[in-house]
Amino acid sequence: MPKFILDQLGRGSADAKSPFHWPTLGTSDPHGAPRMRTVVLRRLIREERQLIIYTDRRAKKVAELEANAAAAIHVYDTRHRTQLRLAGVAETLTDGPLHDEAVKRTGQAQAADFVRSPAPGTAIDVKDGFDQNPDDLRENLAVILFTFHRAELLHLGGEAPRRALVKFSVEPPEPTWLVP
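A brief report on the enclosed structure follows. Please read all numbers here as calculations on a predicted model, not as lab measurements.

It is worth spelling out the overall build of the protein at this point. Counting its secondary structure elements, the protein contains five helices and eleven strands. Summarising its shape, the C-alpha atoms of the protein cover approximately 50 × 35 × 35 Å along the three principal directions. Out of the 180 residues belonging to the protein, those deemed buried represent 41%. Restricting to contacts in the protein with at least 6 residues of sequence separation, those with at least 24 account for 58%. Roughly 10,400 Å² of accessible area belongs to the protein as shown, and the carbon and sulfur atoms make up 51% of that amount. Counting 25 positive and 24 negative side-chain charges, the protein places the averaged centre of each group 6 Å from the other.

Next comes the structure, spelled out in structure tokens:
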């Protein structure tokens, strides 16, 4: 089961057609209310159980993670009727080797997501009422490094639903079967 989870996340980081490429990241706002948004899984560091996600450092999720590093990831694969929930902690990197790699790997089309002004979420008068400055990529791009310690997998397909919890803090991580 741990291998299956890691394989799916690895496939998701490499294949934009995989549902695991488009997970939902959950954080908490300053009042403790949940905040969810779809992100792009850029890379899996398998041995460390870390997911790499790019974001604009001015986005609200960055401040939310700086205030409370607890985070969650959710993926649902409609074709296989499988849900994956990950619990862990996230840190935001704005310099260092992983940040340098992210800046280098970000293509021109992707870079447009990180070079808009004003900041993401700012109210504007017209739908295209923002500027883009490609020179701002290094400054605005941030890497979210999500390290998960727990996974819950729910499979609804087939004749019998199955649900399992995997705690990665235990060596070797073995599934505990749960009632679906």
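Picking up where we left off.
The subject of this paragraph is unusual backbone geometry. The step from S117 to P118 runs through a cis peptide bond, and the omega angle for that step is 10°. Along the chain, E171 connects to P172 via a cis peptide bond; the corresponding omega equals -10°. Counting through the fold element by element, P172 comes out in the loop between β10 (162–167) and β11 (175–178). For R49, which is not glycine, the phi dihedral falls at a positive 55°. Here R49 is to be found in the loop between β3 (41–45) and β4 (50–56). One non-glycine residue, R81, lies in the positive phi region at around 55°. Structurally, R81 is set in the loop between β5 (70–77) and β6 (82–93). Residue class for R81 comes out partly exposed when judged on its relative accessible area of 42%.

The end-to-end C-alpha separation of helix α1 (residues 2–14) is 19 Å, in line with the 18 Å expected for 13 residues at 1.5 Å each. Buried within α1 are the following residues: P2, I5, L6, Q8, L9, G12 and S13. What you see down the axis of α1 is that its buried residues fit within an arc of 160°, all on one side. Turned more than 90 degrees from where α1 packs its buried face, K3 and A14 sit exposed. Contacts made by the buried residues of α1 are with β3, β4, β6, β9 (141–155) and β10.

With that settled, consider the pairing of β10. Across six bridges, β9 lies against β10 in antiparallel orientation. Within β10, the residue paired with L153 across the bridge is A164. What sits between β9 and β10 in their antiparallel hairpin is a turn of six residues, with G158 showing a positive phi close to 80°. Examined bridge by bridge, β10 and β11 share four bridges and lie antiparallel to one another. What sits directly across from L165, in β11, is T176.

What follows covers the pattern of salt bridges. Tallied over the entire structure, the rule returns 13 salt bridges. With a closest N to O distance of 2.9 Å, R85 and E152 form a salt bridge. With R85 in strand β6 and E152 in strand β9, this pair connects stretches of sequence that are 67 residues apart. Across the salt bridge formed by R150 and E152, the nearest N and O atoms sit 3.9 Å from each other. The exposure class of E152 is buried, given its relative accessible area of 9%. Through salt bridges with shared partners, a single network forms among R85, R150, E152 and R163.

Scoring rules and cut-offs
Residues numbered from 1 in each chain as written. Predicted model: local features only at pLDDT ≥ 70, side-chain atom pairs only at ≥ 80, totals over all residues. Heavy atoms only, no water. Helix = DSSP H or I, 4+ residues; strand = E, 2+ residues; numbered from the N terminus. Buried < 20%, exposed > 50% of the residue type's maximum accessible area, 1.4 Å probe, protein only. Contact = heavy atoms within 4.5 Å. Areas by Shrake-Rupley, 256 points an atom, 1.4 Å probe, with all protein chains shown as cover. Lys, Arg positive; Asp, Glu negative; His and termini not counted. Charge placed at Lys NZ, Arg CZ, Asp CG, Glu CD. Expected span 1.5 Å × (residues − 1). Arc of directions from axis to C-beta. Pairing = 2+ DSSP bridges. Salt bridge = Lys/Arg side-chain N within 4 Å of Asp/Glu carboxyl O.

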